[in-house]
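Spelled out from the first residue to the last, the chains are:
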Amino acid sequence: MVSFENVSKSYGTVRAVSDLSLDLYPGETVALLGPNGAGKSSTLDLLLGLRNADAGRVEVFGTTPQQAIEQGKVGAMLQSGGLMEDVKVRELVKLACDLHRNAYPLERVMEQAGITEIADRMVNKLSGGQEQRVRFAMATAGANELIVLDEPTTGMDVSARQAFWGVMRQQANEGRAVLFATHYLEEADAIADRVIVLHRGRVLADGSAAEIKAKAGARRIVFDLEGHIGEAALRELPFLASLEISGRTVRIQSHDADATVHALYGLGLYPRNLEVAGLGLEQAFIAITDAAAAEEAVSR
């Protein structure tokens, strides 16, 4: 569906996208992750034809992004951008349906986005979460083959977020590709079939959430200690990646959890409520991006 081949984009001296290559396929739900400045929004802008690449090739359904959008194959929900204000919600969504080559019925679109109850409200009277749901309705006004979402659930409450992702799962099950950039890593962990981590405009990791967690190469150890906690001794534990002490609770990331726990008992300590588990996606994301930043600092 989408192909980036050695794509680069700069803004003055800032390299936002650097020799980026990736492909998207039908039926995938793909999360695009990265710290601020990683190139997520620039990548989406290039995919949607809002910006042109300085080098490389971007193809969407075998043609240019602009042509694919004109053919009604791509729906987009951007993080920001103006909505027409002096109109009612129903009128704005109807316009999106009227302009789409393969439009769905208006009432279906509004019900799916959860905005039927606010259909007669003026757009400039909406809350931030309601505005996001209107953007969602406009992005799914017709039978798009690819849906692109930039921070789609910002401002939505929990029930609205759950309903939103239920619709997105349905879209993917019908063979459409869903690509979304998000800062809610728990959403990426729960929703995405595939996670792409960007760092300084290039792909740092690409795989399932489980594969991304495994790539971090560390496990999480949590336990409680009574009495005085000797931080200096804990920092000498083998294979230690990080250490955090909060009251009596100690949180460790280790590259060899078995060896670290063995050494912990070797110090004569008796950890209570001991838990050893794989990293969550958020901890893995931080570990991977921190490692990349450290490598870059060494190479300078």
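The model shown is predicted, which means the values in this text are computed figures rather than measured ones.

Pairing in this open sheet of 6 strands is mixed, and the strands run S5-S6-S7-S3-S8-S9 from one edge to the other. Looking at which strands have only one partner, the edges of the open sheet turn out to be strand S5 (74–77) and strand S9 (202–207). Shown here is a sheet whose adjacent strand axes are inclined to one another by a mean of 15 degrees, direction ignored. Relative to strand S7 (residues 177–181), strand S6 (residues 146–150) is paired through 5 bridges, and the arrangement is parallel. Among the inter-strand pairings, Asp-150 is bridged to a residue of S7, identified as Ala-181. Here helix H6 (residues 158–173) sits on the sheet in contact with strand S3 (29–33), S5, S6 and S7, set at roughly 150 degrees to S6.

Owing to its 3.6 residues per turn, the α-helix aligns residues three or four sequence positions apart on the same side. The end-to-end C-alpha separation of H6 is 23 Å, in line with the 22 Å expected for 16 residues at 1.5 Å each. Within H6, the full set of buried residues consists of Ala-160, Arg-161, Phe-164, Trp-165, Val-167, Met-168, Gln-171 and Ala-172. In an axial view of H6, the angular spread of the buried residues amounts to 155 degrees, which keeps them on one side of the axis. Residues of H6 that are exposed and point over 90 degrees away from its buried face: Val-158, Gln-162 and Asn-173. Following H6 by one or two positions, Gly-175 has its phi on the positive side, about 100 degrees.

Moving on: the pattern of salt bridges. Taken as a whole, this structure holds 15 salt bridges when the rule is applied. Note that Asp-45 is salt-bridged to Arg-51, the shortest N-O span being 3.9 Å. Ionic pairing is found between Arg-90 and Glu-107, a salt bridge with its closest N-O pair at 2.8 Å. Separated by 17 residues along the polypeptide, Arg-90 in helix H3 (residues 89–99) and Glu-107 in helix H4 (residues 106–113) bring together distant segments of the chain. For Glu-107, a relative accessible area of 42% gives the class partly exposed. Here the salt bridges share partners, and the residues they tie into one network are Glu-5, Arg-57 and Glu-59.

This part takes up H4. Every buried residue of H4 is accounted for by Leu-106, Val-109, Met-110, Gln-112 and Ala-113. The buried side chains of H4 occupy one side of the element, clustering within an arc of 160 degrees when seen end-on. In the segment just after H4, Gly-114 is the residue with positive phi, at about 70 degrees.

Ranked by size, the top nonpolar core spans 53 residues in total, and within it Val-93, Ile-115 and Met-168 carry the most contacts. With sequence-adjacent residues up to four places away left out, Val-93 is seen in contact with Leu-106, Val-109, Met-110, Ile-115, Val-134 and Ala-137. Counting residues in each nonpolar core, the second largest holds 27 residues, with Val-7, Ala-16, Val-17 and Leu-20 among its members.

Reading the values: the criteria
Residues numbered from 1 in each chain as written. Predicted model: local features only at pLDDT ≥ 70, side-chain atom pairs only at ≥ 80, totals over all residues. Heavy atoms only, no water. Pairing = 2+ DSSP bridges. Helix = DSSP H or I, 4+ residues; strand = E, 2+ residues; numbered from the N terminus. Axes fitted to C-alpha atoms, helices over the stretch in contact; angles between N-to-C directions. Contact = heavy atoms within 4.5 Å. Expected span 1.5 Å × (residues − 1). Buried < 20%, exposed > 50% of the residue type's maximum accessible area, 1.4 Å probe, protein only. Arc of directions from axis to C-beta. Salt bridge = Lys/Arg side-chain N within 4 Å of Asp/Glu carboxyl O. Core = buried A, V, L, I, M, F, W, Y, C linked by side-chain atoms within 4.5 Å.

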